[in-house]
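Spelled out, the chains give:
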Amino acid sequence: MINSRKLNALIFGCCIMATSITTAAPQYNVSRTQHQNETWNDYLARLDKENSLDNVENSSSKELPATHKDCSSLHELELPVSVRDQAVKVSHVLKHFSKNLSTESQSKIEGYWEVVSRGQNKLLEGMNQEIDLDDISDQSLLPYLLQQKLPDTYKIFLQNGMPANEVDKQAIDYWQEKTANSLPTPKGQLLGCKAFEQFDPGWLETGMNWLAQAVGILTKADFPEVPGKASYNKPEGVKIALIGDWGTGLREARDVLGFALAMQPDIVIHLGDVYFSGSKSEFAEHFLEFLPEPDREGRPDFFSLNANHEMDGAGIGYFNVLKHPLFERQKQSSHFVLEVNGWTLLGLDSAYNADGIQYTTGRIRDKFQSELLSASQHKAHKLILLSHHNPLSPDGTRTTPLWEDAYHALGNNAPQYWYFGHQHIGMAYSAQSALGKLGVNARCAGHGGIPTARGSMYFNQNKMLETIDSYSNEPDAYRPHHIQNGFMIITVRDSHIEEAYFNQHGKQQVMITPSYQNIHTMVLCPPHCE
């Protein structure tokens, strides 16, 4: 492996010449002096006013960060500065030091090129035949954009295994027409070039950062050995807000947080993902900017899980933000233990040692979390697991390697509940799901911030799959094809857990069930409670 410090020095000099645009990443302390003297009640009142439905039209005038503006056409796509900068750095390494890369590094690079190739091929196939639209990845347009915007980098990448661009004007014209109003995929993703849709070039930042880690110019943050620990006891119940995949900075994400805070939870847990790569600047702009000041009286305690997009940025921005006073009780650790009214909540880091290109398949491989799980196996009947990655497949039919890791560490004992994100949906899985059959209440709350559509894969001939109890897919009146973002509130009482899904306007969500009954609040008890 190349010495990363020497490489960084060489690449820094190269890239100052290659691009004149450089930015310094801000630290975690974001200044919000305009509202620094607010009381907690004033803060909630302001959020309520800002999130009012009356302000929806006015709010559209607020500009998104530069890399997150909606595009008007696929013909007008531009590479964000972060993508250009990292691509130039990686190309410099590949040009001058590719023979020095380890077998592991070469394998990671080749795996990424396969993702790019598969996505580009599906783009072209989709012009002539029916395809699974979910096979069109957010990296599909990389060769096209590099050839257009960074031709020298494109040539170096070609020499090191990247597939050649085959997307021409005809292909762009075709997909522009198909996706002009956002095209839903079976999983509920949106094809288009609006902010955070699949053709948003900001997603290419994740791929360039993956390559940067593979060649050694971006190094993973150290993994913390000691978990954070905290205890909460309230006879009336401890209220916890669960918000997943929230870090977009979009209006809807701000609404989600605002209404979650308005419910005055004792704890707020982000289930992970600050986009695109959890950099320090992205944590500042899409995360900390909307959280309350740490010294505000009456605020909840905050915790945040590690996730695949945080690890796209090598975890640097994530572990930096854990130093913020808001996360004091997490003790700068990516995993934590909360003792809550006789229940044990384990917040797991499923991303640091995840499998797959760009950390997509969650795993628990370190001895510290394995020992933590093992020590909790005797209280599995009152154990709640939290992770970013999903412990079962999106359709609920299969377990994942993450489940196998945790289940084995628990001595083949199943927890009562598992809350997670990663999938951009609000979904409660049924007793017929792969985990339901093992006695686990599996709940996804990954619909906190990413624009999402109704996923057809969760239905069979317009009937909900039997593995799913409920699915939050309320239409968003202000965005065609979109469903509303949202969050969960769970109340932990000594004898049972109460659960409710809420939408981005703070209303209890209408959940479609297999019998098509609308339910608003689920109150679920483990087998031993009355």
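On a predicted model such as this, the values are computed, not experimentally measured, just so you know.

A.B. asks: I'd like to hear about the overall build of the protein chain, residue by residue, with values.
C.D. replies: Broken down by element type, the protein chain carries 15 helices and 22 strands. For the protein chain, with 530 residues in total, the buried portion stands at 60%. A total accessible area of about 21,900 Å² is found for the protein chain, and carbon and sulfur atoms account for 47% of it.

A.B. asks: So what's going on with helix 4 (residues 81–97)? Which residues, and what values?
C.D. replies: Because the α-helix completes a turn every 3.6 residues, residues three or four places apart line up on one side. Taking 1.5 Å of rise per residue, the 17 residues of helix 4 would be expected to cover 24 Å, and the 24 Å separating its terminal C-alpha atoms lies within 8% of that figure. Regarding helix 4, the residues found buried are Val 83, Gln 86, Ala 87, Val 88, Val 90, Ser 91, His 92, Val 93, Leu 94 and Phe 97.

A.B. asks: Tell me what's going on with the pairing of strand 4 (residues 238–243), and back it up with residues and numbers.
C.D. replies: Most of strand 4 sits inside the fold, with five of its six residues counted as buried. Here strand 4 runs beside strand 18 (residues 486–492); their pairing, made up of five bridges, is antiparallel. Bridging across to strand 18, Lys 239 finds its partner in Thr 491. Across four bridges, strand 4 lies against strand 5 (residues 267–270) in parallel orientation. Opposite Ile 240, over in strand 5, you have Ile 267 as the bridge partner.

A.B. asks: How would you explain the state of the cysteines if you had to name every residue and give the values?
C.D. replies: Counted by the stated rule, this structure contains one disulfide. Disulfide pairing places Cys 71 opposite Cys 193 at an S-S distance of 1.6 Å. Torsion about the S-S bond of the Cys 71 and Cys 193 cystine: about -125°, corresponding to left-handed handedness. One end of the pair, Cys 71, is in the loop between helix 3 (56–59) and helix 4; the other, Cys 193, is in the loop between strand 2 (190–191) and helix 9 (204–215), with 122 residues separating them in the sequence.

A.B. asks: Now, about the environment of Ser 393: what can you tell me, with residues and values included?
C.D. replies: Mapped onto the secondary structure, Ser 393 falls in the loop between strand 9 (383–386) and helix 15 (401–409). Given a relative accessible area of 4%, Ser 393 falls into the buried group. Spatially, the C-alpha atoms of Ser 393 and Gln 423 are 9.6 Å apart, while their sequence positions differ by 30 residues. Here Ser 393 is in contact with Arg 398, Thr 400, Gln 423 and Tyr 429, once residues within four sequence places are set aside.

A.B. asks: Tell me about the packing of aromatic side chains, residues and numbers included.
C.D. replies: Taken as a whole and judged by the stated rule, the model has 26 aromatic pairs. With 5.5 Å between their ring centres and 80° between their planes, Trp 210 and Tyr 359 make a pair best called edge-to-face. Taken as a pair, Trp 210 in helix 9 and Tyr 359 in the loop between strand 8 (343–347) and helix 14 (367–375) lie far apart in primary sequence, 149 residues in all. Note on Trp 210: relative accessible area 6%, which makes it buried. Given the relative accessible area of 6%, Tyr 359 is considered buried. Where Tyr 318 meets Phe 319, the ring centres are 5.0 Å apart and the plane angle is 70°; that geometry is what we call edge-to-face. According to the relative accessible area criterion, Tyr 318 is buried, its value standing at 0%. With relative accessibility at 11%, the residue Phe 319 sits in the buried group. Connected via pairs of aromatic rings, a cluster forms that spans Trp 246, Phe 283, Phe 287, Phe 290, Phe 302 and Phe 327. Stacked on the ring of Trp 210, the Lys or Arg Lys 108 has its end atom at 5.8 Å from the ring centre.

A.B. asks: Tell me about the packing of helix 5 (residues 103–125) against helix 9, and name the residues and values.
C.D. replies: Contact geometry for helix 5 and helix 9: axes closest at 8 Å, N-to-C directions at 160°. Relative to helix 9, the element helix 5 lies roughly antiparallel. Of the two possible hands of crossing, helix 5 and helix 9 adopt the one that is left-handed. From helix 5, Ser 105, Lys 108, Ile 109, Tyr 112 and Trp 113 reach across to helix 9, where they touch Gly 207, Met 208, Trp 210, Leu 211, Ala 214 and Val 215.

A.B. asks: Go over empty space enclosed by the protein with me, naming the residues and quoting the values.
C.D. replies: Here the structure, examined in full by the defined rule, presents three cavities of 30 Å³ or more. For the largest cavity, the calculated volume is near 70 Å³. Looking at the largest cavity, the residues that line it are Ile 243, Trp 246, Leu 257, Val 268, His 270, Phe 287, Leu 291, Phe 302, Phe 303 and Phe 327. Counting residues per element, the ones that place at least two in the lining of the largest cavity are strand 5 and strand 6 (301–304). Broken down by class, the residue content of the lining of the largest cavity amounts to nine nonpolar, one polar and no charged.

A.B. asks: So, helix 14: which residues are in play, and what are the values?
C.D. replies: Of all the positions in helix 14, only Gln 369, Leu 372 and Leu 373 are classed as buried. The buried side chains of helix 14 occupy one side of the element, clustering within an arc of 95° when seen end-on. Looking at the buried positions of helix 14, the neighbouring elements they touch are strand 7 (336–340), strand 8, strand 9 and helix 15. Where helix 14 starts, the residue carrying a side-chain oxygen 3.3 Å from the main-chain nitrogen of Phe 368 turns out to be Asp 366.

A.B. asks: Tell me what's going on with the pairing of strand 8, and back it up with residues and numbers.
C.D. replies: Counting buried residues along strand 8, five of its five residues qualify, which places the element largely inside the surrounding structure. Strand direction decides the pairing type here: strand 7 and strand 8, joined by five bridges, are antiparallel. Within strand 8, the position partnered with Val 337 by the bridge is Leu 346. Hairpin connection between strand 7 and strand 8: a loop of two residues separates the two successive antiparallel strands, and Asn 341 in this loop has a positive phi of roughly 50°. In terms of strand pairing, strand 8 meets strand 9 through four bridges, oriented parallel. Across the sheet, the residue bridging to Gly 347 is Leu 386, located in strand 9. Viewed along the sheet, the connection from strand 8 through helix 14 into strand 9 turns out right-handed.

A.B. asks: Break down the pattern of salt bridges for me, citing the residues and quoting the values.
C.D. replies: All told, the structure shown has 18 salt bridges when counted by the stated rule. A cluster of three or more residues bridged by salt bridges with shared partners is formed by Asp 355, Arg 363, Arg 365 and Asp 405.

A.B. asks: Residue-level account of the nonpolar core, with values.
C.D. replies: Counting residues in hydrophobic clusters, the biggest one holds 83 residues, and the most contacted among them are Phe 157 and Trp 175. Not counting residues up to four positions away in its chain, the partners in contact with Trp 175 are Leu 74, Leu 123, Gly 126, Met 127, Leu 133, Ile 136, Leu 183, Leu 191 and Phe 199. Among the nonpolar cores identified, the runner-up in size contains 30 residues, and Leu 402, Tyr 429, Ala 442 and Tyr 458 belong to it.

A.B. asks: Explain the confidence of the model for the protein chain residue by residue, including any values.
C.D. replies: Looking at the protein chain as a whole, the pLDDT averages 87, with 83% of positions reaching at least 70. Below a pLDDT of 50 lies the segment residues 1–36, which in the model reaches 54 contacts outside its immediate sequence neighbourhood of four places, other chains included. Segment residues 513–530: pLDDT under 50, and 55 contacts once partners within four positions in sequence are set aside and those in other chains are kept.

Here is what the cut-offs are and how they apply
- Residues numbered from 1 in each chain as written.
- Predicted model: local features only at pLDDT ≥ 70, side-chain atom pairs only at ≥ 80, totals over all residues.
- Heavy atoms only, no water.
- Helix = DSSP H or I, 4+ residues; strand = E, 2+ residues; numbered from the N terminus.
- Buried < 20%, exposed > 50% of the residue type's maximum accessible area, 1.4 Å probe, protein only.
- Areas by Shrake-Rupley, 256 points an atom, 1.4 Å probe, with all protein chains shown as cover.
- Expected span 1.5 Å × (residues − 1).
- Pairing = 2+ DSSP bridges.
- Disulfide = S-S within 2.5 Å.
- Contact = heavy atoms within 4.5 Å.
- Phe/Tyr/Trp six-rings, centres within 6.5 Å; stacked < 30°, edge-to-face > 60°.
- Lys NZ or Arg CZ within 6 Å of the ring centre and 35° of its normal.
- Axes fitted to C-alpha atoms, helices over the stretch in contact; angles between N-to-C directions.
- Parallel < 35°, antiparallel > 145°, perpendicular 65-115°, else oblique.
- Left-handed = near helix turned anticlockwise from the far one by under 90°.
- 1 Å grid on protein atoms, 1.4 Å probe; cavity = no way out; pocket = protein on both sides within 12 Å on 5 of 7 lines; lining within 4 Å.
- Points joined across faces, edges and corners; volume = space filled by probe spheres on them.
- Nonpolar A, V, L, I, M, F, W, Y, C, P; charged D, E, K, R; others polar.
- Arc of directions from axis to C-beta.
- Polar contact = N/O pair within 3.5 Å; in protein donor to acceptor, adjacent residues only side chain to side chain.
- Right-handed = clockwise from strand over helix to strand, strands pointing away.
- Salt bridge = Lys/Arg side-chain N within 4 Å of Asp/Glu carboxyl O.
- Core = buried A, V, L, I, M, F, W, Y, C linked by side-chain atoms within 4.5 Å.
- pLDDT = per-residue confidence, 0-100.

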